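If you want the building blocks of each chain, they are given just below.
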Amino acid sequence: MQPIITAQDRENLVSPLFKFDRQFWMTIAALLVVTLPGLALYVRQLFLGLGVTDLNRPVFWGAYLVNFIFLIGISMAGTVISAVLHLLKIEWRRPITRIAESLTVFGLMVAGLQIIMDMGRPDRLVNTLLYGRLQAPLMWDIASLTLYLLTASFALYLQLLPDIAFMRDSTPENAPTWRKKLYSTLSLGWRGNKEQWARLEKAITTVSVILIPIGVSLHTVTSWLFSTTVQPGWKSTILGPYFVVGAIYSGIGLLFIATAFATQYNHHLKGYITDTFYKNLGWIFIVMSFVWFYFTLNETLVVTTEQETLEFPVMAAKLFGEFAPAFWGMNVLMTAATWILIALKLPVKARSNPLFKTATGLVMTALAAVTFAALSMNIPALHASLVKTILLAAFIVFFILALLGLTGWFQARLIPSTVIASAFVLFGMWLERWNILMPTLTHARIIPYTTYFPTATEIALTISTFGILTLIFVIFYKFFPSISIWEVEAGRAIEQKNGG
Amino acid sequence: MANWCMVIDLEKCVACQGCSVACRMENNTPVVSPDEAKNGRAIRWNDVFPLPVHIAPEQGEYPNVKTHYATRPCMHCENAPCVKTCPVQATYIDEEGIVRQNYDRCIGCRFCTVACPYGVRYFNWYAPQWEGSLENHLNPDELSVNGSLEGPAVRPVGVVEKCTYCVHRLVKARERAAAEGREFRADEYVPACVQTCTGKARYFGDLDDPDSTVSQLSKSLRATHLLEDSGAHPKTLYLAEG
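What counts and how
- Residues numbered from 1 in each chain as written.
- Chains lettered and ligands numbered in written order.
- Predicted model: local features only at pLDDT ≥ 70, side-chain atom pairs only at ≥ 80, totals over all residues.
- Heavy atoms only, no water.
- Contact = heavy atoms within 4.5 Å.
- Buried area = accessible area lost by both parts, 1.4 Å probe.
- Salt bridge = Lys/Arg side-chain N within 4 Å of Asp/Glu carboxyl O.
- Pairing = 2+ DSSP bridges.
- Helix = DSSP H or I, 4+ residues; strand = E, 2+ residues; numbered from the N terminus.
- Disulfide = S-S within 2.5 Å.
- Buried < 20%, exposed > 50% of the residue type's maximum accessible area, 1.4 Å probe, protein only.
- pLDDT = per-residue confidence, 0-100.
- Axes fitted to C-alpha atoms, helices over the stretch in contact; angles between N-to-C directions.
- Parallel < 35°, antiparallel > 145°, perpendicular 65-115°, else oblique.
- Left-handed = near helix turned anticlockwise from the far one by under 90°.
- Nonpolar A, V, L, I, M, F, W, Y, C, P; charged D, E, K, R; others polar.

**Section: the interface of chain A and chain B**
Line of reasoning, step 1. Contacts between chain A and chain B engage 40 residues on the former and 45 residues on the latter.
Line of reasoning, step 2. Of the roughly 3600 Å² buried between chain A and chain B, counting both surfaces, carbon and sulfur atoms make up 59%.
Line of reasoning, step 3. For chain A, the biggest contributors to the area lost against chain B are Arg57(A), Phe60(A) and Ile446(A); these three give 22% of the whole.
Line of reasoning, step 4. At the boundary of chain A with chain B, the tally comes to one salt bridge.
Line of reasoning, step 5. Put simply, Asp118(A) and Arg110(B) hold a salt bridge, and the shortest N to O gap is 2.8 Å.

**Description of the sheet that holds strand E4 (residues 66-72) of chain B**
Residues and elements named next belong to chain B.
Line of reasoning, step 1. Spatial strand order, E2-E4-E3: three strands in an open sheet with antiparallel pairing. The strands lining the two open edges of the sheet, one partner per strand, are strand E2 (47-51) and strand E3 (58-59).
Line of reasoning, step 2. By the bridge criterion, five bridges tie E2 to E4 in an arrangement that is antiparallel. Bridging across to E4, Leu51 finds its partner in His68.

**Observations concerning the state of the cysteines**
Residues and elements named next belong to chain B.
Line of reasoning, step 1. Under the criterion given, the structure shown has zero disulfides over all chains.
Line of reasoning, step 2. A disulfide-free cysteine, Cys116 has its sulfur positioned 6.2 Å from the sulfur of Cys82, the nearest such atom.
Line of reasoning, step 3. Using a relative accessible area of 9% as the deciding quantity, one classes Cys116 as buried.
Line of reasoning, step 4. No disulfide involves Cys193; its sulfur sits 6.2 Å from that of Cys166, the nearest cysteine.
Line of reasoning, step 5. We classify Cys193 as buried; its relative accessible area is 7%.

**Points about the confidence of the model for chain B**
Line of reasoning, step 1. Looking at chain B, the pLDDT average stands at 92 and 100% of residues meet or exceed 70.
Line of reasoning, step 2. Least confident of the elements in chain B is E3(B), whose mean pLDDT is 73; most confident is strand E1 (residues 4-9) of chain B, at 96.

**Points about the packing of helix H10 (residues 239-265) of chain A against helix H11 (residues 275-306) of chain A**
All names here are of chain A.
Line of reasoning, step 1. Closest axis-to-axis distance for the H10/H11 pair is 9 Å, and the angle between their directions is 150°. On the basis of the axis angle, H10 is roughly antiparallel to H11. As for the relative orientation of H10 and H11, their crossing is left-handed in sense.
Line of reasoning, step 2. Looking at the contact of H10 with H11, its residues break down into 19 nonpolar, seven polar and one charged.

**Topic: the packing of helix H3 (residues 63-74) of chain A against helix H9 (residues 194-227) of chain A**
All names here are of chain A.
Line of reasoning, step 1. Closest axis-to-axis distance for the H3/H9 pair is 10 Å, and the angle between their directions is 160°. What the angle tells us is that H3 and H9 run roughly antiparallel. Of the two elements, H3 crosses H9, and the hand of that crossing is left-handed. Judged by residue contacts, Leu65, Phe68, Ile69, Ile72 and Gly73 of H3 engage Leu218, His219, Thr222, Leu225 and Phe226 from H9.
Line of reasoning, step 2. Looking at the contact of H3 with H9, its residues break down into seven nonpolar, three polar and no charged.

**With respect to unusual backbone geometry**
Line of reasoning, step 1. For the bond from Leu51(B) to Pro52(B), the omega torsion is -10°, close enough to zero to count as cis.
Line of reasoning, step 2. Relative to the helices and strands, Pro52(B) is located in the loop between E2 and E3.
Line of reasoning, step 3. Backbone torsion omega between Tyr62(B) and Pro63(B) reads 5°, so that peptide bond is classified as cis.
Line of reasoning, step 4. Positionally, Pro63(B) belongs in the loop between E3 and E4.
Line of reasoning, step 5. Residues other than glycine seldom take positive phi values, yet Lys89(A) does so here, at roughly 55°.
Line of reasoning, step 6. Topologically, Lys89(A) is positioned in the loop between helix H4 (76-87) and helix H5 (97-118).
Line of reasoning, step 7. The backbone of Leu188(A) shows a phi angle near 50°, a positive value even though the residue is not glycine.

**A look at the pattern of salt bridges**
All names here are of chain B.
Line of reasoning, step 1. Following the criterion strictly, the structure yields 18 salt bridges over all chains and no others.
Line of reasoning, step 2. The salt bridge partner of Arg182 is Glu180, with a shortest N-O separation of 2.8 Å.
Line of reasoning, step 3. Bridged by salt links that share partners, the residues Asp94, Arg100 and Glu150 form one connected network.

**Regarding the side chain of Asn3(B)**
Line of reasoning, step 1. Secondary-structure assignment places Asn3(B) in the segment before E1.
Line of reasoning, step 2. With sequence-adjacent residues up to four places away left out, Asn3(B) is seen in contact with Glu78(B), Glu96(B), Gly97(B), Gly205(B), Asp206(B), Leu207(B), Asp208(B) and Lys235(B).

**Structural notes on the sheet that holds E1(B)**
Residues and elements named next belong to chain B.
Line of reasoning, step 1. With mixed pairing, the four strands of this open sheet are ordered in space as E11-E1-E13-E12. Bordering the open sheet on either side are strand E11 (202-206) and strand E12 (223-224), each of which pairs with just one other strand.
Line of reasoning, step 2. Sheet topology places E1 next to strand E13 (residues 237-239); three bridges connect them, and they run parallel. Counted as the bridge partner of Val7 is Leu237 from E13.

Structural data, given as structure tokens:
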């Protein structure tokens, strides 16, 4: 019988970790260029105060809070993939559990940063420990976030343990001593004997079971920050599950982007993260997309139909007012993403009809973008009822034709299409968070309506946030294999046993 | 213990904004530039604004035009959303029914400002500043409770501040009574806005004392609260325009 992990695997998965080549340093440099301006502006904010943002009364929360909820959301990926799929013993999860779990940890880390960025007095953070009131929703969030971060880090470490030992045993001779030391210390004397494996399996299963309710609690509690207040637009019992669904939805999106990024970065990974993963997780993605639309419909339709004095102005701002571009933009992005994912599941057929040509699709996309922009612009002439109706109808026609035209292109490219759909979902989910916060905050009850648009500081810090997230990702995977080697081994062993 | 309460008679109010200015001088609320004020950064613990807020101030067609104004201090709610949401107990209801703010403990998360349905809470976006000679006329009073700043002395950047019913005046009145060796009387203490009110439209006193003006007025058929349905059990009373 052949050894399950071959020399080729070692070459593919371990050797790149010891090569600090140009590509690595260029990536780091590019990320630093993106990240540093925001950090400099944050230092300025520390000295001057939150006045450097566009926050005002009553828009006391802004981009930082939107980023916070968004990052909490994308961190859901790890829990779902690793814990749920582990418990269900689904085999195709094996190569991507590592990336999934690490995304949870990294996402939560930068989410925590958002809270600190948003605080008027970050120097008094310790007050939450000294005087924390457990009755306050913000303390639930802090407690839940801390617990989730600790549990997820522990889960990631447990899952890494056999691979750290593998690294310890496969470190090249010329590797620096401190790295050898690092692996031998972190591997905690892992020898891979039967008893250790049995214990590890037990521990991973236990942590998976614990992680799921903690993950759900964090997303629910984050929604309670809003739904426990008496502000119109937030007083909704559906917000908890809506946030959980949105979290899984955007979490899967990020996972797709991260795996595609990782395989692009190290081409050898393509042999491990195969199309099967994109196809199977794609199904879950489609389901989540429909569940998300179902919740969005619930939120929108009920308030729109009852037209209550306080709630309706907030909803009207989303449907027809200043938040219409963001609200309908979100829906357009999600619809496009869902169609792309469905198209990948449809049988591929060569069609001679020019409607299904890529060129037609691109033209229609451009036309749809132009009509959408026209609808979003604040020009009175464009809002005359007849003009608006024509524009709306034209947009719908162009949009449908664009999707149909590009279907063939999408079907021919599984991974790029999935990444595009994921990017749409991520951007759409960021807009969704924006659409939950901003209409309510700008439409206070007895404060004049105001507007809010992030300043350069807030935009730069948002970019920095994602820069930091990517930096952590890139650096972490220079030290640890991005594919769970022992899981791949276990998967192959099962295949062999089944006569593969 | 008293249960301090303010009553505002909108029939008598002329919307002169005297209360707003008196509050500003008494409580050292910082001044902001016109641009900042336009961006919703003005700090007015006691605000005067047209009612309803989201419709043009004049309603109806000439000559049948109506204008309504409301003056708005803190409601000092009995079920205050700000107190419920504060993660560090920097805001609390004291035993005399006043919602107070501990400026040394506030972490600036602005949950209370978001939760308050009345918008009575303000945030210090920048370090407070005063133009020209204004700086020489700050109120020197300072109220500290267990070493934490709660009174009108200047607040630092990054914390939330709000109307306290001029609680430092209550402390001072009590101290004066004690120094003179006599009982403190409820009518020795009124907030600055009540003292200054041009139309004598504001009343202040102990709501639990059945003989006090405020508790007599609270029985009026005109007595009402702002956003009665907010669930916060606002305490500051309004006497509606007839």
